[in-house]
Amino acid sequence: MKGATTNICYNVLDRIVHEKKLGDKIAFYWEGNEPEETTQITYHELLVQVCQFSNVLRKQGIRKGDRVAIYMPMIPKLVVAMLACARLGALHSIVFAGFSAESLCERILDASCSLLITADAFYRGEKLVKLKELADEALEKCREKGFPVRCCIVVKHLRRTELGTGDSLSQSPPIKRPCPDVQISWNEGVDFWWHELIHEAGDECEPEWCDAEDPLFILYTSGSTGKPKGVVHTVGGYMLYVATTFKYVFDFHAEDVFWCTADIGWITGHSYVTYGPMANGATSVLFEGIPTYPDVSRMWSIVDKYKVTKFYTAPTAIRLLMKFGDKPVTKHSRASLQVLGTVGEPINPEAWLWYHQVVGAQRCPIVDTFWQTETGGHMLTPLPGATPMKPGSATFPFFGVAPAILNESGEELEGEAEGYLVFKQPWPGIMRTVYGNHERFETTYFKKFPGYYVTGDGCRRDQDGYYWITGRIDDMLNVSGHLLSTAEVESALVEHKAIAEAAVVSHPHPVKGECLYCFVTLCDGYTFSSTLTEELKKQIREKIGPIATPDYIQNAPGLPKTRSGKIMRRVLRKIAQNDHDLGDISTVADPSVISQLFSHRCLTVQ
Ligand code: WT7
C-alpha cells in the first residue's frame, strides 16, 4: 500500500508478543564461552529491554536516520542494541568484535556514527578480548581525524557478577575461570555504563514508523580487497526477505530450536540470528564461544543441551572439526537435528559428505545456501526434503530469484554452462546502495553487465539445471587457455585423506600463462613428503584432468584468513611469488602464518 508505514522492531517483538501471544516463548538460549554460563530470554523480556534501551538512545539524542556503531560480543544485549536502533529508525552499523580498532575507526568515520555501543571485555575460547580498550583506541583515532564521537555506552559483561541480580545475564553462575582485573579507562562525559543508563529508562517506547524504503542498517563487506563497502539494507524488503527465506529454507516449525553459529557481526548473523528467526517467533541459540573450546565436541554438546533442530554453519567450521575425526561428534546423540545448513563459501563434496553422514547421520537434508552480504538473504538453495541434493551444489534459485550465467561478452548461456553468475531481476532483499557512495554501488554490481546484478562469483550449471558456485571470479585462473576455478582444485586436494584444508592460487608461468600454486594444511598425524605431493598431483589429474596438475604444492601449517574465516588468496599469491609487498593485511586474523609460509616457499617446480 502506497504511503504505508512499518517498523521491523515492532514486527519481530511487539507483533510476536501481542498478536501472536508468544511473549513467554524463549527468543534466545544464551550459551556463554564457558559451558556453564547460560541464560535465556523470552520475547516479552526482550521487548521490555529493547524499549528501555530505545529510550536511553533517544535521551542521548539518537533520531531517525542517525548512525549508531555497535562493537559487541555475542550476548543478548547485542540483539537489544540492534533492535533498539531499528525501533528508532536509526541505522545500526555493527562491526564484528574480532575487528581491530583501526577497522572500527574506519567504519565509524565512513558512516559518521554519532554513538558507539560496546562492552568491557570478553573471552573467545582461551583468548581475552579487551574490547573497551580497542573501542577507546578507535575513538581516539576518530578524534585525531576531527570526528569526536559524543557518546560511548559500555556493557559490563566480563565483570557482570559485580552488578548483582538486577541484570538478566548476571543470573548465570559466576565465571569459573579467574576473572582478570581488566582495567578500563573512562572518558568522563563520553562513556556511560549501560546498566546505569537503563536504570532510569521507562519500559515503553513507541516505535518510529518508517517507510518500507527507509534504511535499516549498514554492514561492511569483508575487506579481502580494497576499502570496505557499507552495504545498505532497507526496512521493508529486507524484513520480508529474511522472514520468508528463514521460514522455507529451514522449514521452520513453531517448536524448532534454531542455531546459526555465525556472529551477528556478519550478515549471516543479522539475517539468521536476529531478524529472520525473530520475525517468525522462533527460539534460537546465541553462542558466545568457538567450536573448539573447551574441546572440539562443543558444538554437538550444545546441540544436545538445547535439542537443536536446525543447525546452520560454515564449511570452514566443518573442515576444521573434520580434522579431529568422527568420535567428538558421535559421542553426542544429535538426535534432535533435522536440517543442516551451510553458507559462506563453496563446500567441497568431502566436507559435505562428512556433514551429511557423520553430523547428520544421513538423516538430515543439507541446505547449501548461496548468498552475499549484498543479497540480504538466501539466493540459491535447496528446500529441505523437497530438493534432491547434490553434494557441493547450492542447487536452485529461491522463489522469485532469476539467475543467469553469462560469458565474458555478457551473453546469457543456456543449458550446461560455466561463467559469471548474475541475477536478472531484483528481489526484496537486494542492497539499495553503498553508504555515501551510490556510484560505487552502480559500478561494482551493475556496470560490467548492464541490466544484471553481478555477484562476482563464477558458476556452473549442470545437465540437470543445478547451480555449482565455483568461487569468486577473481579466484579463477586460466591455464593454457582453460578456465579453472581454484575451488575445484582445492576440493580435489581436500578429498585426499592427509589434507585438512587447501588454498590454490594462480602463479605466473612462462608457457601456460598461469599455473597452480597450492597450499595444503595436513591432518594431524601426517607428514609432508614428495610421495604425498605426487599422490596429490595424481589425485587432481584424476579428478579434474591433466590441465589442472599443480606446479607447486607447499606445506602450510596455517593459512592467512580474514576473521570471518575466508582464506586470503590475494596474500597467498604474493607469498607464492616471494613478493613481500602485501598491501593491507590488517584483516588477517593471525599474521604469524605469513612469515611461516614465506620461509617454506617452494623454489622449484616439483
Ligand atoms: C560470498 C559472499 C552470505 C553469507 C556469508 C558470506 C561466497 C557464500 C556460498 C555458498 C559457495 C558461497 C560467495 C559469495 N559464498 N555462500 N553456499 N556456496 N559460495 O557473505 O562475506 O558477503 O560473501 O561468499 O563467493 O559471493 P559475504
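Parameters and conventions
- Residues numbered from 1 in each chain as written.
- Predicted model: local features only at pLDDT ≥ 70, side-chain atom pairs only at ≥ 80, totals over all residues.
- Heavy atoms only, no water.
- Pairing = 2+ DSSP bridges.
- Helix = DSSP H or I, 4+ residues; strand = E, 2+ residues; numbered from the N terminus.
- Contact = heavy atoms within 4.5 Å.
- Axes fitted to C-alpha atoms, helices over the stretch in contact; angles between N-to-C directions.
- Parallel < 35°, antiparallel > 145°, perpendicular 65-115°, else oblique.
- Nonpolar A, V, L, I, M, F, W, Y, C, P; charged D, E, K, R; others polar.
- Phe/Tyr/Trp six-rings, centres within 6.5 Å; stacked < 30°, edge-to-face > 60°.
- Lys NZ or Arg CZ within 6 Å of the ring centre and 35° of its normal.
- Core = buried A, V, L, I, M, F, W, Y, C linked by side-chain atoms within 4.5 Å.
- Buried < 20%, exposed > 50% of the residue type's maximum accessible area, 1.4 Å probe, protein only.
- Salt bridge = Lys/Arg side-chain N within 4 Å of Asp/Glu carboxyl O.

K.L.:
What is the right way to read the sheet that holds strand E11 (residues 230-234) from this model?
P.N.:
Whether parallel or antiparallel, the strands of a sheet pair through hydrogen bonds between backbone atoms. One open sheet holds the 8 strands; their spatial order is E9-E8-E5-E3-E4-E10-E11-E20, and the pairing between them is mixed. Taken across any chain shown, the strands that pair with only one partner, and hence form the sheet edges, are strand E9 (191-193) and strand E20 (433-434). Packing against the sheet, helix H7 (residues 235-249) makes contact with strand E10 (215-220) and E11, and its axis sits at approximately 85° to E11.

K.L.:
Help me understand the packing of helix H10 (residues 315-322) against helix H12 (residues 349-359) in this model?
P.N.:
Any two packed helices are characterised by how steeply their axes cross, that is the angle between the axes, and by the distance between the axes. Viewed as axis vectors pointing N to C, H10 and H12 meet at an angle of 75°, and their least axial separation amounts to 10 Å. Taken together, H10 and H12 sit at an angle that is classed as roughly perpendicular. Of the residues in H12, those in contact with Ile318, Arg319, Leu321 and Met322 of H10 are Glu350, Ala351, Trp354 and Tyr355. Among the residues making up the contact of H10 with H12, the classes are represented as 6 nonpolar, no polar and 2 charged.

K.L.:
Would you explain the packing of aromatic side chains in this entry?
P.N.:
For any two aromatic rings, the description comes down to two numbers: the centre-to-centre distance and the angle of the planes. Scanning all chains against the criterion turns up 32 aromatic pairs. With centroids separated by 5.6 Å and ring planes inclined at 75°, the aromatic side chains of Tyr248 and Phe399 adopt a geometry described as edge-to-face. Of this pair, Tyr248 sits in helix H7 while Phe399 is found in the loop between strand E16 (366-368) and strand E17 (403-406), placing the two residues 151 residues apart along the sequence. Ring pairs connect the aromatic residues Phe246, Phe250, Phe252, Phe258, Tyr272, Tyr312 and Trp371, which therefore count as one cluster. For Lys156, the ring lying beneath its charged end belongs to Trp193, and the centroid distance is 4.9 Å. The ring of Tyr466 is capped by Lys390, whose NZ or CZ atom sits 4.5 Å from the centre of that ring.

K.L.:
Just checking my understanding: could you explain the sheet that holds strand E15 (residues 339-342) for this structure?
P.N.:
The 7 strands are arranged E2-E1-E13-E12-E14-E15-E16 in an open sheet whose pairing can be described as mixed. Whereas interior strands pair on both sides, the edge strands pair on one side only; in this sheet they are strand E2 (38-42) and E16. Neighbouring strand axes in the sheet, compared pairwise and without regard to direction, differ in orientation by 20° on average. With 3 bridges joining them, strand E12 (residues 257-260) and strand E14 (residues 310-313) adopt parallel strand pairing. Bridging across to E14, Phe258 finds its partner in Lys310. Against the sheet, helix H2 (residues 43-59) touches strand E1 (26-31) and E2, its axis set at about 80° to E2. Against the sheet, H12 engages E14, E15 and E16, with an angle of about 160° to E15.

K.L.:
Looking at this model, I keep getting lost on the environment of Cys151. Mind explaining?
P.N.:
Its location among the elements puts Cys151 in strand E8 (residues 151-155). Along the primary structure Cys151 and Asn187 are separated by 36 residues, whereas in three dimensions their C-alpha atoms are 9.7 Å apart.

K.L.:
Could you clarify how one ought to interpret the nonpolar core in this entry?
P.N.:
Burial of nonpolar side chains together is a common tendency in soluble globular proteins. Judged by nonpolar contacts, the single largest core of 129 residues is most densely connected at Leu13, Phe53, Leu57, Ile70, Leu83, Ile117 and Tyr275. Top contributing element to this core by residue count: helix H3 (residues 76-88), with 10 residues. If you look at the next biggest cluster of nonpolar residues, it comprises 29 residues, including Leu337, Trp352, Val358 and Cys364.

K.L.:
Would you explain the pattern of salt bridges in this entry?
P.N.:
Following the criterion strictly, the structure yields 24 salt bridges and no others. Linking Glu345 and Arg319 is a salt bridge whose minimum nitrogen-to-oxygen distance equals 3.1 Å. Taken together, the positions of Glu345 in the loop between E15 and H12 and Arg319 in helix H10 put the pair 26 residues apart, joining distant regions of the chain. Overall, the relative accessible area of 8% leaves Arg319 in the buried class. Three or more residues joined by partner-sharing salt bridges are found here, namely Arg319, Glu345, Glu501 and Lys561.

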